[in-house]
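Descriptive structure summary
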Amino acid sequence: MLAYVNGKFLSRDDAKVSVFDHGFLYGDGVYETMRAYRGKIFFVGKHLSRLKQSADAISLTLPLPLDKIGEALNEALTVNKLNEAYIRIQISRGTGEIGLDPALCPAPTMVILTRPFKDYPPELYANGVAVAIVQTRRNHPLALDPAIKGTNFLNNIIAKIESLRTGAYEGIMLNWKGYVAEGTISNIFAVRKGILYTPALETGILEGITRDLVLHLARKEKIPAQEKLMRPKDLTRADECFITNTTVEVLPVTTIDGCPVGSGRPGPITEKLMRAYKNEVQHYV
Ligand code: PDD
């Protein structure tokens, strides 16, 4: 697999970034994870605009205009002959002397990594996964806004370590006030009495592109949907629950902290949205 590093496609062994890169030294950068279906990057425009928003939020100037970044992403698929793919773009502050001042780094570093997309085991979708509500709280938006898709991932990694200790597939973080925020790499939804709920953006979460599409699909399917401040009991008493992100799409959650959600099986509204998502992907051109 050839990796893109600052305009060049290099082999895995040659693709290197300096130890003085502020992405390495400080986690100072932004990224996006995308999926390509049949050689087309799903919602690339939305990912690029979120990349720009994240970069603006940390006062990072992107090294190329967005359309050129889009071209580099497509080129990464072409040179690697990929159709069904995972794509990650990462832009860090760049190489500079040790110190926090961004002015120490004259040029950002841009890296694109791709790999063939390996489908998740079908059992995950057929049976659902276990999640754990972790003690680690999601970053306060006034400290490090979760709306920024930054490469500084320690908040999520500490939560992930905690959830792994319980054997859960994903850890769900609460916000500073104890409202349900999001998973370590996913957004979360619950269904109760036929209504779909997901944490409102004001909770302090990433505005997931999959989350937005699921809300749109729910409207299309006439499933009432609400974004609101959610208590942990809104999850534990739910009839159905699922998580979303670009790579897993819509993934049923069937246990929370070891207790079954509803019947303990993926629910009908979850399954309807899983199908609607697949249908959307199929018709994406
Ligand atoms: N993660 N919340 C967090 C904290 C995330 O990291 C992600 C995505 C999401 C879902 O966003 P989207 O639907 O746009 O993928 C929510 C990606 C998959 C990652 O970290 O690789």
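The paragraphs below set out a description of the structure included in this document. All figures in this text were calculated on a predicted structure; none of them were measured in a lab. (Residues numbered from 1 in each chain as written. Predicted model: local features only at pLDDT ≥ 70, side-chain atom pairs only at ≥ 80, totals over all residues. Heavy atoms only, no water.)

To continue, consider the nonpolar core. Judged by nonpolar contacts, the single largest core of 43 residues is most densely connected at Leu196, Leu235, Leu273 and Tyr277. What Leu273 contacts, discounting residues up to four positions off in sequence, is Leu196, Val214, Leu217, Ala218, Ile223, Phe242 and Val250. In terms of nonpolar packing, the next biggest core, distinct from the first, is built from 22 residues, Tyr4, Ala55, Leu82 and Ile87 among them. (Core = buried A, V, L, I, M, F, W, Y, C linked by side-chain atoms within 4.5 Å. Buried < 20%, exposed > 50% of the residue type's maximum accessible area, 1.4 Å probe, protein only. Contact = heavy atoms within 4.5 Å.)

In this section: the site of the ligand. Around the ligand, the structure places 19 residues, and the nearest of them are Tyr31, Thr33, Glu182, Thr210 and Thr246. Between Tyr31 and the ligand, the recorded distance is 2.5 Å, taken from a side-chain N or O atom to an oxygen atom. Thr33 places a polar side-chain atom, nitrogen or oxygen, 2.6 Å from an oxygen atom of the ligand. Only strand E3 (29-37), strand E9 (180-183) and helix H6 (209-220) provide two or more residues apiece to the shell around the ligand. Among the residues forming the shell around the ligand, the class breakdown is 5 nonpolar, 10 polar and 4 charged. (Near = heavy atom within 4 Å. Polar contact = N/O pair within 3.5 Å; in protein donor to acceptor, adjacent residues only side chain to side chain. Helix = DSSP H or I, 4+ residues; strand = E, 2+ residues; numbered from the N terminus. Nonpolar A, V, L, I, M, F, W, Y, C, P; charged D, E, K, R; others polar.)

Turning our attention to the sheet that holds strand E1 (residues 3-5). Taken in spatial order, the 6 strands line up as E2-E1-E6-E5-E3-E4 in an open sheet, and their pairing is antiparallel. With partners counted over all chains shown, the strands left at the sheet margins are strand E2 (8-10) and strand E4 (40-41), one partner each. As paired elements, E1 and strand E6 (residues 109-116) share 2 bridges and run antiparallel to each other. By the bridge assignment, Val5 is partnered in E6 with Val111. (Pairing = 2+ DSSP bridges.)

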